[in-house]
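# Notes for the structure review
Read off the chains here:
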Amino acid sequence: MNPSREPIDFRNLWRSLVPAETGGWFISLFPMIGGLAARPSWEGAALEGMGFLAFLLRVPIRQWHAGVRRRVSRWLVFSGVLGILLLAAVLLRRGGPATLIPPLLALPFGLVALAADLRRRSRNLLVELCALAFFCVFGGGAVWTGGGGGPSALRIGLLAFLTLAPGFAAVRFHLQAHRDIPGPASGPRKLEMHLVMGACLGVGVWMWHRGLAGPAWLALQVLLYPRALLPLRKGPPWRIGVLEILAEAAGLTLAVLHL
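In this report, the structure presented in the accompanying data block is examined.

### Looking at the side chain of E244
Tracing the sequence through the fold places E244 in helix α10 (residues 238-257). Among the polar contacts listed, one links the side chain of E244 to the side chain of R227, at a separation of 3.0 Å. The contact partners of E244, leaving out residues within four places of it in the chain, are G167, V171 and R227.

Structure (structure tokens):
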């Protein structure tokens, strides 16, 4: 079929809009949901809408660049950009130019992740963490635009990152171990996982010592660390993601409740 004549129907819209990684929906949206729950406001909802549209634009931008379903992808990209601009106008009208600081801070992280997609290379852990940071900035931004102040915004954004980043590292390692035969590459991947998880736990201990994180949140992070050590080769791969989603939902809930 000629791409220029490809129908814009539900099937093509779905295939060009919905990311294949189901877990990405949960993990990427958790920081934004947490920020909005910590400081609900219409400004925060508009900001999170911008982040959600940016999340949805990933697939059509990649497909348009690759020449796949170009008509549908082009239509989705233009519609999404228009939606982001309209929400930005709402933020400007209701809260002034300062409300656009969070998306500007998040932009570099999003561009790193998008560039990796457009190069058609598999994402490494650094790129995945940049994508996570993109959404954590939006989560903190909801607190900022809701009147919570800069320190509170930075706190919830950082707590969201510290809650979710260890899971990114652990799930990535275990899924690769589930698919691959153990070999020389498994050692560096395991070291990479432990470096990320150890650094996040260390920063979490510092935040708890400073009164910026609750003891229940820190206790959960300590209890979850052994997931880096347990062999998860048995059972279906999706089980790893489901367990991680539940653990990170609990951690983010404890982080929000402590604010």
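### So, the pattern of salt bridges
Tallying each qualifying case throughout the model produces four salt bridges. In this structure, E43 and R94 form a salt bridge, with 3.2 Å as the shortest nitrogen-oxygen distance. Of this pair, E43 sits in helix α3 (residues 42-66) while R94 sits in helix α4 (residues 70-95), placing them 51 residues apart in sequence. We classify E43 as buried; its relative accessible area is 15%. Here E244 makes a salt bridge to R227, at a shortest N to O gap of 3.0 Å. Placement of E244 in helix α10 and of R227 in the loop between α9 (215-224) and α10 is noted, with a sequence separation of 17 residues between them. Given the relative accessible area of 7%, E244 is considered buried. For R227, a relative accessible area of 13% gives the class buried. What emerges from the salt-bridge pattern is a single network uniting R58, R62 and D117.

About the cut-offs
Residues numbered from 1 in each chain as written. Predicted model: local features only at pLDDT ≥ 70, side-chain atom pairs only at ≥ 80, totals over all residues. Heavy atoms only, no water. Helix = DSSP H or I, 4+ residues; strand = E, 2+ residues; numbered from the N terminus. Polar contact = N/O pair within 3.5 Å; in protein donor to acceptor, adjacent residues only side chain to side chain. Contact = heavy atoms within 4.5 Å. Salt bridge = Lys/Arg side-chain N within 4 Å of Asp/Glu carboxyl O. Buried < 20%, exposed > 50% of the residue type's maximum accessible area, 1.4 Å probe, protein only.

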